[in-house]
Amino acid sequence: MKTFDLAELILLAAIWGASFLFMRLGAHEFGPVAMAAMRVAGASLMLLPLLAARQGLAELGREWRPLAVIGLLNSALPFALFSFAALSISAGLSSIVNATTPLWGALIAWLWLGQRLNSLRIIGLGLGFAGVLYLAWDKASFKPGADHSAVWALLACLTATFCYGLAANFSKRYTAHIAPLAVATGSQVYAALMLIVPALVFWPQTVPSPQAWAAVSALSLLCSAFAYILYFRLMSRIGPTNTIAVTFLIPVFAVLWGYLFLGEVFTLKMVAGCAVVLLGTALALGLLRRS
């Protein structure tokens with residue numbers, strides 16, 4: 001990997017790590033659904049002119065079915081679910097659960113596409129999900145009347161990462177022939193169309209503050225539109241295996257931004273859980289092998 005590619009990979013991790021910070025800053029005022037809708041709508045407005053400049057708008061209509069599925073699984077649902085989680089748990093913890101995305105991708109590829117998994121990869125899947133269970137265990141209370149908001153938030157994060165894993169395999173099977181910029185743009189456009197009505201229903205009654213609007217703008221323009229451009233550039237230059245390494249870097253930046261700007265604490269329990277999740281992910285992806 002060239003120095004320039006490595007720099008872009010680190011930049012992408014820093015941007016996607018910041019997305020958890022921005023969701024924490026805006027979710028309480030916008031609400032999960034409206035925030036997700038604004039995020040994809042803003043990204044669509046930025047990406048559409050770029051696609052038009054490359055004369056690729058026709059693909060949005062011609063390939064609307066797979067692009068709509070990608071929009072639902074890769075943007076509309078996970079963005080709303082992570083925004084919901086941001087109401088209850090820290091940016092760092094959300095980002096650690098987000099690191100299970102490749103685990104879901106490997107598991108779904110095994111069950112759906114018939115991709116073979118050796119014993120080390122199966123162990124990796126078990127380790128990764130065990131790490132999330134370890135992180136969630138102390139937040140699960142079975143006492144009557146206990147607050148289960150953190151547990152629901154973690155379940156929302158896991159559901160979102162499952163959607164990401166499903167979207168990755170669906171994209172591999174049904175959108176490989178579509179230009180990457182068209183996939184990125186179409187997914188945001190169709191996600192925005194899906195979220196229009198729910199966003200109007202759940203639109204906040206109180207006008208959000210300038211800080212919340214700034215957070216949503218950053219999510220749209222920086223963490224969605226610009227980040228997708230970086231992501232697909234890296235995919236074309238260094239390949240998917242190297243690009244997926246961004247998953248390991250995102251929690252580092254999410255924890256850092258949460259500590260610097262939100263005063264979040266990164267506990268030893270989170271360190272241990274993060275280590276187990278990332279080790280499991282590395283094994284499941286085949287990045288660690290027997291000598």
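Residues numbered from 1 in each chain as written. Predicted model: local features only at pLDDT ≥ 70, side-chain atom pairs only at ≥ 80, totals over all residues. Heavy atoms only, no water.

Here's the deal with the pattern of salt bridges
- Per the stated rule, a full pass over the model turns up 3 salt bridges.
- Among the salt bridges present, the one from Arg24 reaches Glu264, with a minimum N-O distance of 3.4 Å. Of the two residues, Arg24 sits in helix 1 (residues 3-30) while Glu264 sits in the loop between helix 11 (246-262) and helix 12 (268-284), which places them 240 residues apart along the sequence.
- By relative accessible area, Arg24 is classed as partly exposed at 24%.
- When salt bridges that share partners are traced, they join Asp5, Glu8 and Arg237 into one network. (Salt bridge = Lys/Arg side-chain N within 4 Å of Asp/Glu carboxyl O. Helix = DSSP H or I, 4+ residues; strand = E, 2+ residues; numbered from the N terminus. Buried < 20%, exposed > 50% of the residue type's maximum accessible area, 1.4 Å probe, protein only.)

Focus on the side chain of Ser44
- Secondary-structure assignment places Ser44 in helix 2 (residues 32-53).
- By relative accessible area, which is 5% here, Ser44 ends up buried.
- Apart from the residues lying within four places of it in its own chain, the contact partners of Ser44 are Pro49, Gln188, Val189 and Ala192. (Contact = heavy atoms within 4.5 Å.)

Focus on the environment of Ala218
- Inspection of the secondary structure assignment puts Ala218 in helix 10 (residues 210-243).
- The buried category is assigned to Ala218, whose relative accessible area is 16%.
- Between the alpha carbons of Ala218 and Phe22 there is a distance of 7.2 Å; along the sequence they are 196 residues apart.
- If we skip the residues at most four places from it in the chain, Ala218 touches Phe22 and Cys223.

Some remarks on the nonpolar core
- Core analysis: the biggest nonpolar cluster contains 65 residues, and Leu12, Phe20, Phe22, Phe82, Ile89 and Val246 have the highest contact counts within it.
- Examining the composition of this core, we find that 13 residues originate from one element, helix 1, more than from any other.
- Those residues in contact with Ile89 that sit more than four places away from it in its chain are Arg24, Ser94, Ala150, Ala153, Leu154 and Cys157.
- The next biggest cluster of nonpolar side chains, apart from the first, holds 16 residues, and it includes Leu47, Leu51, Leu181 and Ala225. (Core = buried A, V, L, I, M, F, W, Y, C linked by side-chain atoms within 4.5 Å.)

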